[in-house]
Amino acid sequence: MAVLSILEFPDPRLRTVAEPVSEVDADLTGLIDDMLETMYDASGIGLAATQVNVHKRLLVMDTSEDRDQPRVYINPEITVLDEELGSYDEGCLSVPGFYEEVHRPRRVSVTAMGRDGESFTEELDGLNAICLQHEIDHLDGKLFVDYISPLKRQRIRKKLEKAHRLRA
Ligand code: GNR
Ligand code: NI
(Lines give C-alpha, C1' and ligand atoms only; values in the text may rest on other atoms or scores of the structure.)
(Ligands and ions follow the chains in the order given, each with its own letter.)
Protein backbone atom coordinates (compact mmCIF):
# COMPACT_ATOMS: atom_id res chain seq x y z
CA MET A 1 0.00 0.00 0.00
CA ALA A 2 1.16 3.52 -0.69
CA VAL A 3 0.07 7.12 -0.28
CA LEU A 4 -0.02 8.63 -3.77
CA SER A 5 0.57 12.29 -4.57
CA ILE A 6 -2.48 14.37 -5.48
CA LEU A 7 -2.50 16.75 -8.46
CA GLU A 8 -3.56 20.32 -7.67
CA PHE A 9 -5.45 22.97 -9.67
CA PRO A 10 -4.55 24.41 -12.15
CA ASP A 11 -2.57 21.32 -13.23
CA PRO A 12 -3.76 20.59 -16.81
CA ARG A 13 -3.70 16.81 -16.13
CA LEU A 14 -6.82 17.33 -13.98
CA ARG A 15 -8.63 18.16 -17.28
CA THR A 16 -8.05 14.67 -18.72
CA VAL A 17 -11.22 12.66 -19.48
CA ALA A 18 -10.72 9.19 -17.95
CA GLU A 19 -11.10 5.96 -19.97
CA PRO A 20 -13.35 3.07 -18.92
CA VAL A 21 -11.72 0.26 -16.94
CA SER A 22 -11.57 -2.92 -19.05
CA GLU A 23 -10.92 -5.46 -16.31
CA VAL A 24 -10.66 -5.64 -12.55
CA ASP A 25 -7.29 -7.34 -12.13
CA ALA A 26 -4.62 -7.34 -9.42
CA ASP A 27 -3.10 -4.09 -10.73
CA LEU A 28 -6.46 -2.39 -10.41
CA THR A 29 -7.22 -3.69 -6.91
CA GLY A 30 -3.73 -2.54 -5.90
CA LEU A 31 -4.51 0.93 -7.24
CA ILE A 32 -7.87 0.92 -5.39
CA ASP A 33 -6.10 0.10 -2.11
CA ASP A 34 -3.54 2.87 -2.70
CA MET A 35 -6.33 5.34 -3.48
CA LEU A 36 -8.17 4.42 -0.27
CA GLU A 37 -4.97 4.85 1.73
CA THR A 38 -4.36 8.20 0.00
CA MET A 39 -7.93 9.38 0.69
CA TYR A 40 -7.75 8.43 4.39
CA ASP A 41 -4.26 9.94 4.74
CA ALA A 42 -5.57 13.24 3.30
CA SER A 43 -8.75 13.11 5.42
CA GLY A 44 -10.90 13.30 2.27
CA ILE A 45 -14.37 11.84 1.80
CA GLY A 46 -13.67 10.84 -1.80
CA LEU A 47 -10.89 10.49 -4.35
CA ALA A 48 -11.02 10.04 -8.13
CA ALA A 49 -8.23 8.25 -10.05
CA THR A 50 -7.72 11.46 -12.08
CA GLN A 51 -6.45 13.18 -8.93
CA VAL A 52 -3.58 10.69 -8.64
CA ASN A 53 -2.83 11.04 -12.37
CA VAL A 54 -4.40 7.72 -13.39
CA HIS A 55 -6.92 8.38 -16.14
CA LYS A 56 -9.26 5.43 -15.54
CA ARG A 57 -12.95 5.61 -14.56
CA LEU A 58 -12.49 4.69 -10.90
CA LEU A 59 -13.30 6.50 -7.66
CA VAL A 60 -13.38 5.75 -3.96
CA MET A 61 -15.47 7.34 -1.21
CA ASP A 62 -16.07 7.14 2.52
CA THR A 63 -18.49 9.63 4.03
CA SER A 64 -18.87 7.70 7.30
CA GLU A 65 -18.14 9.40 10.62
CA ASP A 66 -15.79 6.60 11.70
CA ARG A 67 -13.96 6.39 8.31
CA ASP A 68 -14.62 2.66 8.18
CA GLN A 69 -17.02 2.32 5.22
CA PRO A 70 -14.94 2.43 2.03
CA ARG A 71 -16.95 2.48 -1.20
CA VAL A 72 -15.46 1.71 -4.62
CA TYR A 73 -17.04 2.63 -7.97
CA ILE A 74 -15.55 1.36 -11.23
CA ASN A 75 -17.03 2.69 -14.52
CA PRO A 76 -19.82 4.54 -12.65
CA GLU A 77 -22.89 5.60 -14.63
CA ILE A 78 -25.07 8.15 -12.92
CA THR A 79 -28.76 8.99 -13.41
CA VAL A 80 -30.37 12.03 -11.81
CA LEU A 81 -33.50 10.81 -9.98
CA ASP A 82 -34.93 14.18 -9.11
CA GLU A 83 -34.22 17.62 -10.63
CA GLU A 84 -34.37 19.22 -7.18
CA LEU A 85 -31.02 20.85 -6.40
CA GLY A 86 -29.29 21.15 -3.07
CA SER A 87 -26.31 23.34 -2.24
CA TYR A 88 -23.21 22.48 -0.26
CA ASP A 89 -19.94 24.22 0.59
CA GLU A 90 -17.63 22.00 -1.46
CA GLY A 91 -13.93 21.51 -1.06
CA CYS A 92 -11.47 19.39 -3.02
CA LEU A 93 -8.13 17.77 -2.24
CA SER A 94 -6.99 19.14 -5.63
CA VAL A 95 -8.00 22.71 -4.62
CA PRO A 96 -6.67 22.70 -1.06
CA GLY A 97 -7.89 25.37 1.35
CA PHE A 98 -10.81 26.71 -0.73
CA TYR A 99 -14.53 26.08 -0.23
CA GLU A 100 -17.39 27.37 -2.37
CA GLU A 101 -21.11 26.71 -2.58
CA VAL A 102 -22.09 24.36 -5.42
CA HIS A 103 -25.64 23.37 -6.46
CA ARG A 104 -26.26 19.78 -7.60
CA PRO A 105 -29.16 17.33 -7.90
CA ARG A 106 -29.98 15.92 -4.45
CA ARG A 107 -30.82 12.36 -5.47
CA VAL A 108 -29.03 10.14 -7.96
CA SER A 109 -28.84 6.50 -8.94
CA VAL A 110 -25.50 4.94 -9.82
CA THR A 111 -24.57 1.69 -11.52
CA ALA A 112 -20.95 0.61 -11.22
CA MET A 113 -18.68 -2.31 -10.46
CA GLY A 114 -17.24 -2.78 -6.99
CA ARG A 115 -13.74 -3.92 -6.00
CA ASP A 116 -14.86 -7.53 -6.63
CA GLY A 117 -15.77 -6.73 -10.26
CA GLU A 118 -19.49 -7.30 -9.54
CA SER A 119 -21.97 -4.77 -10.91
CA PHE A 120 -24.37 -3.02 -8.50
CA THR A 121 -26.92 -0.21 -8.60
CA GLU A 122 -27.78 2.04 -5.67
CA GLU A 123 -29.59 5.28 -4.91
CA LEU A 124 -27.70 8.02 -3.10
CA ASP A 125 -28.71 11.22 -1.36
CA GLY A 126 -27.17 13.68 1.08
CA LEU A 127 -23.40 13.89 1.20
CA ASN A 128 -23.02 10.60 -0.71
CA ALA A 129 -24.87 12.06 -3.72
CA ILE A 130 -22.81 15.27 -3.57
CA CYS A 131 -19.51 13.43 -3.27
CA LEU A 132 -20.29 10.94 -6.04
CA GLN A 133 -21.15 13.76 -8.47
CA HIS A 134 -17.99 15.66 -7.45
CA GLU A 135 -15.87 12.53 -8.11
CA ILE A 136 -17.51 11.73 -11.46
CA ASP A 137 -16.81 15.34 -12.47
CA HIS A 138 -13.09 14.62 -11.86
CA LEU A 139 -13.31 11.61 -14.21
CA ASP A 140 -14.70 14.00 -16.85
CA GLY A 141 -11.91 16.54 -16.26
CA LYS A 142 -14.12 18.91 -14.26
CA LEU A 143 -13.53 20.63 -10.92
CA PHE A 144 -15.91 22.35 -8.51
CA VAL A 145 -14.25 25.68 -9.33
CA ASP A 146 -15.79 25.40 -12.82
CA TYR A 147 -19.19 26.17 -11.19
CA ILE A 148 -18.12 29.40 -9.46
CA SER A 149 -17.54 32.87 -10.91
CA PRO A 150 -14.53 33.33 -13.20
CA LEU A 151 -13.27 36.04 -10.82
CA LYS A 152 -13.31 33.70 -7.81
CA ARG A 153 -11.75 30.91 -9.89
CA GLN A 154 -8.95 33.23 -11.05
CA ARG A 155 -8.25 34.31 -7.44
CA ILE A 156 -7.97 30.67 -6.37
CA ARG A 157 -5.72 29.91 -9.36
CA LYS A 158 -3.34 32.77 -8.48
CA LYS A 159 -3.14 31.79 -4.81
CA LEU A 160 -2.45 28.13 -5.57
CA GLU A 161 0.12 29.01 -8.27
CA LYS A 162 1.93 31.17 -5.70
CA ALA A 163 1.81 28.36 -3.12
CA HIS A 164 3.20 25.93 -5.71
CA ARG A 165 6.05 28.35 -6.56
CA LEU A 166 6.97 28.64 -2.89
CA ARG A 167 6.88 24.86 -2.49
CA ALA A 168 9.11 24.20 -5.53
O1 GNR B 1 -12.82 15.56 0.99
C2 GNR B 1 -13.61 16.12 0.24
N3 GNR B 1 -14.64 16.81 0.76
C4 GNR B 1 -15.71 17.28 0.01
C5 GNR B 1 -16.56 18.19 0.61
C6 GNR B 1 -17.65 18.67 -0.08
C7 GNR B 1 -17.89 18.23 -1.36
C8 GNR B 1 -17.05 17.35 -1.98
C9 GNR B 1 -15.96 16.86 -1.29
S10 GNR B 1 -14.90 15.72 -2.06
C11 GNR B 1 -13.41 16.06 -1.22
C12 GNR B 1 -12.33 15.08 -1.65
C13 GNR B 1 -12.04 15.29 -3.10
O14 GNR B 1 -11.48 16.25 -3.55
N15 GNR B 1 -12.52 14.41 -3.92
O16 GNR B 1 -12.38 14.58 -5.24
NI1 NI C 1 -12.17 16.70 -5.56
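Residues numbered from 1 in each chain as written. Chains lettered and ligands numbered in written order. Predicted model: local features only at pLDDT ≥ 70, side-chain atom pairs only at ≥ 80, totals over all residues. Heavy atoms only, no water.

Describe the side chain of Asp11, and please don't skip the residues or the numbers.
In this fold, Asp11 is placed in the segment before helix H1 (26-41). Within the local environment of Asp11, its side chain forms a polar contact with the side chain of Arg13, the two groups lying 2.7 Å apart. (Helix = DSSP H or I, 4+ residues; strand = E, 2+ residues; numbered from the N terminus. Polar contact = N/O pair within 3.5 Å; in protein donor to acceptor, adjacent residues only side chain to side chain.)

Lay out the pairing of strand E5 (residues 119-124) in plain terms, naming residues and giving numbers.
Bridge count for strand E4 (residues 100-113) against E5 is six bridges, and the pairing is antiparallel. Opposite Met113, over in E5, you have Ser119 as the bridge partner. Hairpin remark: E4 followed by E5, antiparallel, with five residues in the connecting loop; positive phi at Gly117, about 80°. (Pairing = 2+ DSSP bridges.)

I'd like a description of the coordination of the nickel ion (ligand 2), backed by residues and values.
Cys92 (SG), His134 (NE2) and His138 (NE2) make up the full set of protein donors to the nickel ion (ligand 2), lying at 2.1 to 2.3 Å. Ordering the donors of the nickel ion (ligand 2) by residue number gives the pattern C-x41-H-x3-H. You can see His134 and its partner His138 sitting in helix H2 (residues 126-139), four residues apart, about one turn around the helix. Of the two residues examined, His134 and His138, each falls in the buried class. (Donors = N, O, S within 2.8 Å, 3.2 Å for Na, K, Ca; no water. Buried < 20%, exposed > 50% of the residue type's maximum accessible area, 1.4 Å probe, protein only.)

Tell me what's going on with the site of ligand 1, and back it up with residues and numbers.
Around ligand 1, the neighbouring residues are Gly44, Ile45, Gly46, Gln51, Tyr88, Glu90, Gly91, Cys92, Leu93, His134, Glu135 and His138. Contact distances for ligand 1 include 3.0 Å between an oxygen atom and a backbone N or O atom of Ile45. Glu135 has a polar side-chain atom sitting 2.6 Å from an oxygen atom of ligand 1. Burial of ligand 1 by the protein chains amounts to 91% of its free accessible area of 380 Å². Residue assignment for the shell around ligand 1 shows that the elements contributing at least two residues are strand E3 (71-90) and H2. No other element matches H2, which puts three residues into the shell around ligand 1. Class assignment for the residues of the shell around ligand 1 results in four nonpolar, six polar and two charged. (Near = heavy atom within 4 Å. Areas by Shrake-Rupley, 256 points an atom, 1.4 Å probe, with all protein chains shown as cover. Nonpolar A, V, L, I, M, F, W, Y, C, P; charged D, E, K, R; others polar.)

Residues and numbers for the side chain of Asn128, please.
Its place among the elements puts Asn128 in helix H2. Ignoring sequence-local partners within four residues, the contact set of Asn128 consists of Met61, Thr63 and Arg71. (Contact = heavy atoms within 4.5 Å.)

Lay out the environment of Glu77 with the relevant residues and their values.
Relative to the assigned elements, Glu77 resides in strand E3. Since its relative accessible area comes to 55%, Glu77 is described here as exposed. Along the backbone, Glu77 and Arg57 are 20 residues apart, and their C-alpha atoms lie at a distance of 9.9 Å. Look past the residues within four positions of Glu77 in its chain and what remains in contact with it is Ser109, Val110 and Thr111.

If you had to explain unusual backbone geometry to someone new, which residues and values would you point to?
With omega at 5°, the peptide bond leading from Phe9 into Pro10 counts as cis. Considering the arrangement of structural elements, one finds Pro10 in the segment before H1. Positioned with a positive phi, Ser43 is a non-glycine residue whose angle comes to about 55°. Of note, Ser43 is situated in the loop between H1 and strand E1 (46-48). A relative accessible area of 60% means that Ser43 is categorised as exposed. Not every positive phi belongs to a glycine, and Arg67 is a case in point at roughly 60°. Relative to the helices and strands, Arg67 is located in the loop between strand E2 (58-61) and E3.

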